[in-house]
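# Summary of the model geometry
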Amino acid sequence: MATEAETDEKEVKEVKEAEEEVKGVEGAEAVEEVEKAKDTPGTKKIEATRRMMESIKDTVEKSLLEKMEETEVDVVPEALVIGGGIAGMYAALDIADAGFKVHLVERLPSIGGHMAQLDKTFPTLDCSACILTPRLVDVGGHPNINLMSYSEVVGVEGSIGNFKVKVLKKARYVDEKSCTGCSTCEEVCRLKGRFPNEFDVGLMKRAPIYRPFPFAIPAIYTVDGETCLMIKKGKCGKATLESTAEAIKKKERGEEVTKNEAPPCVMACDTLSIRHDMQDEIVELNVGGIIVATGYDIIEPECMPEYKYGVYPNVVNGLEFERYSSASGPTMGRILIGDMPEPKDAVFLSCVGSRNAQTGYEYCSRVCCMYIAKQAHLLQEKIPDCNITVLYQDVRAFGKGFEEFYDRVKGEGLSYRRGLASEIYKKPGSDRVVVRAEDTMLGEPIELETDLVILGVGLKPSEGMDKLLEMMGVPLTDDKFAKEAHPKLRPVDTDVAGVFVTGCAQGPKDIPDSVAQAKGAAGALLAVLARGKASVVPTVTEIEEEMCIGSKSLIEMAEKIGA
């Protein structure tokens, strides 16, 4: 009997023989051979067909197109980083520390991303704000970083070494240079505490003029044009846009202004930073390379309606739990959901949204198992007598120190039960809910009565990332994340030279991996900037019209040129 190696060698030999036979056929005979190969099953014929089509394509290009030669271009010694989360911040800092100017574009009023919303980080349980805030200050004060918060990239042209980028700088209605972040304007706003604060995922209220969180960078206020009366209706109280403009001029001259001439925020601002007549503007940048670090959004729990998220107030998602747990959150770190007392029983559900073909997110989000373990530990720490159960599909503790942390949490008296919940329903006559599931280790159905359910939601690409990547010509994977040039050997490069991806823009990952990849992307871009020159392969070539035979298909063209 032939060995596996001999079989493989025979297969390769047959493919080469088939290829030589096909190459020997010209013109219409080649086309006929290709068509026969298409109808013939088997690896040998498919391989021969593919090679023949590539041969025809090469012949056509050589016959009709000018020879493509690489050219060297000067590299603009500046970089663009899109996204101000932890990955974007570290990428910008590394490039800026190397002496190159960096434009850091963030669509929200402040940088920090989702990490700023967290209470603790796994597996070390470091305070998220404690380790993040120094980096925020570094970015905000770095002389080589042009921080463009509340801005979006709306156009990208050019190629490696010379990208022309258009950035929409949205009107903040506050002068960034003079605002001191004193909070006086927010305190006197007529609509203070009326609108959901996005940073606290809607659990707290804010005014139309706000700063996302106390240690936000840049340390300036922003006016929400969708809710501010002066911007939305042109009037706040008796003050109008015209009277407000005149009132500001009076204050600049040191004259007295009445409360009917300007809204309370303008009256209270000693630096005259509030300008309701600001307009959006387009800023054009010229950079040598781009790093995409647009981060992630959480998968909406509503995609699994059986869990009754948004129906029962004691069913919350993982990000909401982080804000409840945080000392800077709506409950100052106490787990108080709505009007309910502290929970005596709590259930965590893993893989909500992720690893599910029905929701459209078939991939593993990587962080859910560990942040559930972390949150279970925090809940146990805050409420020692709380009975905590974790329902899981399987635990993926893949990182450094993760398995040890998982073992530590299990040893704290928590109950880990294998099996996903099928539904959640309210217990009749009670505020408590019942989680129905199957314990797949025991092979029996279970029902857990509880006060609180925390959904371990997965991660998805951030909103608008697909349009941004399309603008730059970077393809997406089937999971809608940015497609890297090679998943193993070039994980931060893309098919577009000079454009790199990092963090959760490339795929779901935790903070250490995001930082490591950000530094890798920064190093790759620095190699381009430091060299000062970049090789460019023309992507568009001119065709000699006199030679063009006007064929509508590759086969027709091959017949006419005798390939």
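These notes cover the structure that comes with them. (Residues numbered from 1 in each chain as written. Predicted model: local features only at pLDDT ≥ 70, side-chain atom pairs only at ≥ 80, totals over all residues. Heavy atoms only, no water.)

## Let's talk about the side chain of T222
Quick reminder of the rule: The way it works is that DSSP assigns letters per residue, a run of H or I at least four long becomes a helix, a run of E at least two long becomes a strand, and they are numbered from the N terminus. Relative accessible area decides the class of each residue, using a 1.4 Å probe on protein chains only: under 20% of the type maximum gives buried, over 50% gives exposed, and in between gives partly exposed. The contact criterion used is simple: two residues touch if any of their non-hydrogen atoms lie within 4.5 Å.
As for its placement among the helices and strands, T222 is situated in strand β12 (residues 222–223). With relative accessibility at 0%, the residue T222 sits in the buried group. Not counting residues within four places of it along the chain, the set of residues in contact with T222 comprises P109, Y150, R172, V174, P208, I209 and Y210.

## Quick look at the sheet that holds strand β2 (residues 78–82)
What counts, and what does not: For two strands to be treated as a pair, DSSP must find at least two bridges joining them. To define axes, lines are fitted to C-alpha atoms, for helices over the stretch in contact only, and angles between the resulting N-to-C directions are given on a 0 to 180 degree scale.
Spatially, five strands are ordered β6-β3-β2-β16-β27 in an open sheet, and the strand pairing comes out parallel. Lying at the two open borders of the sheet, with one neighbouring strand each, are β6 (145–148) and β27 (499–501). When strand polarity is set aside, the average angle formed by the axes of neighbouring strands in this sheet is 20°. Relative to β27, strand β16 (residues 289–292) runs parallel, the two being bridged by three bridges. The residue bridging I291 from the neighbouring strand is F500, located in β27. Together, β2, β16 and β27 form the strand contacts of helix α13 (residues 465–472), whose direction differs from that of β16 by roughly 160°.

## Brief notes about the pairing of strand β21 (residues 415–418)
By the bridge criterion, four bridges tie strand β20 (residues 387–392) to β21 in an arrangement that is parallel. Directly across from L391, in β21, lies its bridge partner R417.

## As for the pairing of strand β28 (residues 533–536)
The side chains of a regular strand alternate between both faces of the sheet. In β28, alternate side chains face the same way, and those of A534 and V536 are buried while those of K533 and S535 on the opposite face are not. For strand β1 (residues 71–74) and β28, the ladder comprises four bridges, and the chain directions are antiparallel. Paired with V73 across the two strands is A534, which belongs to β28.

## Observations regarding the nonpolar core
The condition is simple: Residues enter a nonpolar core if they are buried and are Ala, Val, Leu, Ile, Met, Phe, Trp, Tyr or Cys, with the set joined through side-chain atoms within 4.5 Å.
Residues L349, L379, L391, I424, V435 and L455 are the most contacted members of the largest nonpolar core, which totals 54 residues. Ranked by residues supplied to this core, first place goes to helix α11 (residues 368–382) with seven residues. The residues contacting L455, other than those within four sequence positions of it, are P301, Y307, Y309, V315, V316, N317, G318, L349, V352 and Y371. Core analysis: the next-biggest nonpolar cluster, separate from the first, contains 41 residues, A79, V81, I86 and A96 among them.

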